[in-house]
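Take a look at the letters that make up each chain.
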Amino acid sequence: MATVIVITSGKGGVGKTTTSAAISTGLALCGYKTVVIDFDVGLRNLDLIMGCERRVVYDFVNVIKQESNLRQSLIKDKRVDNLFILPASQTRDKDILDIEGVGRVIDELSESFDYIICDSPAGIERGAFMAMYFADEAVVVTNPEVSSVRDSDRILGLLASKTRRAEQGGKPIKEHLLLTRYDPLRVDKGEMLSVEDVKDILAIPLLGVIPESKAVLQASNAGTPIILEGDSDAGQAYDDAVSRLLGEERMHRFLEVEKKGFFSKFRLFRS
């Protein structure tokens, strides 16, 4: 049986889809057969970040409505073995998703995949509820700002009360915190919450801290999951997060302001 992981948050624009692309790619790179599903019906962005937008013929809603099967609808990634994408519909309404249909698709995928990553839309509407309902684990993505953290706290409440595990009295969903767009310099200036601030408020284990990086936008525009950009801080941070998700212990990096040595200061003076 596959492990179902929802990538979720209360606030939009925090990097859920970037995270879904990175984590699914990272798991596949580790040898696990992985599928990532776009639950953002009507807006569909995952295919752009994964670089497969021109290959979409059938989508998630087509499969739910039995207008196509998974073999027709899944898109195999060209760069990474074991990685598949199930895109969202760009023309349907988000209310078209239903528990029975989503459950049927999840069950069928579970027969042949190790991991199912559910890329949730923002907020607490139907699409987000469907994305989290069947989850075994949840990666809660938040920015280090008060409104984002507060909205993530609301999502934790829903994970504890509105999912299949909650309804059936099963083992609680395993929750992970992923802090994105982190800038230690702004933290030092008091312009941004610290890692410890966010951990104290949400009280769930820290999976990773993704530094603010221009490389994320560049990778997204190029249709490349940022984890494949191994020279970037953000790519390395996502690689660390995937390793922790798989049970490996890794130190958290990029939490402190980088200290410049004598020669870097000299070059800066000369420039």
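Okay, so let's go over this structure. (Residues numbered from 1 in each chain as written. Predicted model: local features only at pLDDT ≥ 70, side-chain atom pairs only at ≥ 80, totals over all residues. Heavy atoms only, no water.)

## A closer look at unusual backbone geometry
This is how the line gets drawn: Helix and strand assignments follow DSSP, with helices taken as H or I runs no shorter than four residues and strands as E runs no shorter than two, numbered in order from the N terminus. Burial classification: accessible surface area is computed with a 1.4 Å probe over protein chains only, and a residue below 20% of its type maximum counts as buried, one above 50% as exposed, and the rest as partly exposed.
Of note in this structure, N82 is not a glycine but carries a positive phi near 75°. If you trace the backbone, N82 turns up in the loop between β3 (75-76) and β4 (83-86). Not every positive phi belongs to a glycine, and R181 is a case in point at roughly 55°. With respect to the helices, strands and loops of the structure, R181 is situated in strand β7 (residues 174-182). Assessed through its relative accessible area of 44%, R181 is described here as partly exposed.

## As for the pattern of salt bridges
Oppositely charged side chains are able to pair whenever their charged atoms sit close together. Definition in use: Should a side-chain nitrogen of Lys or Arg be within 4 Å of a carboxyl oxygen of Asp or Glu, the pair is scored as a salt bridge.
Taken as a whole and judged by the stated rule, the model has 13 salt bridges. The salt bridge involving E212 is made with R181; its shortest N-O contact spans 3.1 Å. Highlighted residues: E212 in the loop between β8 (206-211) and α11 (214-221) and R181 in strand β7, separated in sequence by 31 residues. One salt bridge in this structure joins E196 and K199, with 3.7 Å as the shortest N-O distance.

## Overview of the environment of V57
Within the secondary structure layout, V57 lies in the loop between α2 (46-49) and α3 (60-64). When its relative accessible area of 64% is taken as the criterion, V57 is described as exposed. Considered as a pair, V57 and M130 are 73 residues apart in the sequence and their alpha carbons are 23 Å apart.

## Observations regarding the packing of aromatic side chains
Note on aromatic pairs: each is described by the distance of the centres and the angle between the planes. So the rule is basically this: Paired rings are identified among Phe, Tyr and Trp, the last through its six-membered ring, by centres lying within 6.5 Å, and are further divided according to the angle between planes into stacked (under 30 degrees), edge-to-face (over 60) and tilted (the rest). For a lysine, the NZ atom is tested; for an arginine, the CZ atom; a charge sits over a ring if that atom is within 6 Å of the ring centre and within 35 degrees of the ring normal.
Overall, the coordinates contain five aromatic pairs when judged by the stated rule. Judged by centre distance (5.0 Å) and plane angle (75°), the rings of F39 and F60 are edge-to-face. Separated by 21 residues along the polypeptide, F39 in the loop between β2 (34-38) and α2 and F60 in helix α3 bring together distant segments of the chain. Residues F39 and F60 agree in their burial class; the two are buried. Between F84 and F113, the aromatic rings sit 5.5 Å apart at their centres with planes inclined by 85°, giving edge-to-face as the arrangement. One end of the pair, F84, is in strand β4; the other, F113, is in the loop between α5 (99-110) and β5 (115-119), with 29 residues separating them in the sequence. For the residue pair F84 and F113, the accessibility class agrees, reading buried in each case. Among the aromatic residues, ring-to-ring pairing joins F129, Y133 and F134 into one connected group. Positioned over the ring face of F113 is K33, at 4.9 Å from the centre of the ring.

## Digging into helix α1 (residues 16-29)
This is how the line gets drawn: In this analysis, the expected span of each helix is defined as 1.5 Å times one less than the number of residues it contains.
Here α1 contains 14 residues, and its C-alpha end-to-end distance of 20 Å stays within 8% of the 20 Å for a straight helix at 1.5 Å per residue. Within α1, 13 of the 14 residues are buried, leaving the element largely enclosed by the surrounding structure. At the exit of α1 stands G31, carrying a positive phi of roughly 100°.

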